[in-house]
Amino acid sequence: MHLHNTRESYGVVSKLLHAAIAVLLLGQFPVGWYMAGLSDENIVYWRLLEWHEVAGLALFVLLLLKSGWRAASPAPALPPGLTDWERRSARGVH
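Owing to the predicted nature of the structure, the values given are computational and were not obtained by experimental measurement.

Cut-offs used in this document
Residues numbered from 1 in each chain as written. Predicted model: local features only at pLDDT ≥ 70, side-chain atom pairs only at ≥ 80, totals over all residues. Heavy atoms only, no water. Helix = DSSP H or I, 4+ residues; strand = E, 2+ residues; numbered from the N terminus. Rg over C-alpha atoms; globule rule 2.2 N^0.38 Å. Phe/Tyr/Trp six-rings, centres within 6.5 Å; stacked < 30°, edge-to-face > 60°. Buried < 20%, exposed > 50% of the residue type's maximum accessible area, 1.4 Å probe, protein only. Contact = heavy atoms within 4.5 Å.

Bringing the overall build of the protein chain into the picture now. Within the protein chain, the regular secondary structure consists of 3 helices and 0 strands. If you list the helices and strands of the protein chain from N to C, you get α-α-α. Radius of gyration (C-alpha) of the protein chain: 18 Å, far over the 12 Å computed for a compact globule of 94 residues. Taken along its principal axes, the extent of the C-alpha atoms in the protein chain is 55 × 30 × 20 Å.

The next thing to look at is the packing of aromatic side chains. The full count for this structure, using the stated rule, is 2 aromatic pairs. Seen from their ring centres, F29 and W33 are 5.9 Å apart, and the 40 degrees between their planes marks the pair as tilted. Taken as a pair, F29 and W33 lie in helix α1 (residues 12–36) at a separation of 4 residues, close to a single helical turn. F29 sits in the partly exposed class, given a relative accessible area of 45%. With centroids separated by 5.0 Å and ring planes inclined at 90 degrees, the aromatic side chains of Y45 and W46 adopt a geometry described as edge-to-face. Taking the relative accessible area as the measure of exposure, W46 reaches 40% and is therefore partly exposed.

For V12, the position within the fold is in helix α1. Taking the relative accessible area as the measure of exposure, V12 reaches 23% and is therefore partly exposed. With 10 residues separating them in the primary sequence, V12 and H2 have C-alpha atoms 6.2 Å apart. Contacts of V12, omitting those with residues within four sequence positions, involve M1, H2 and L3.

Honestly, it's all geometry; don't read function into it.
Written as structure tokens, this is what we have:
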């Protein structure tokens, strides 16, 4: 397995960054919703707030790293046979 992206697939670094960002981002939503129902006098609220802030900062740093990595190791080519709207959608999302 390659560290850098190849023409055919994403490398290990891209996959790890993607997974770490996904896990943190998906964790932020339930924690935020749960916190919204807690009183600010509750100790759990403050513990979760700390986690929420640290996770948010980690997300920001990982997104900066991913942007830099994307510039250094461009994404693989899209698979052949995609329609125009599929190509535009794939490029727009990424």
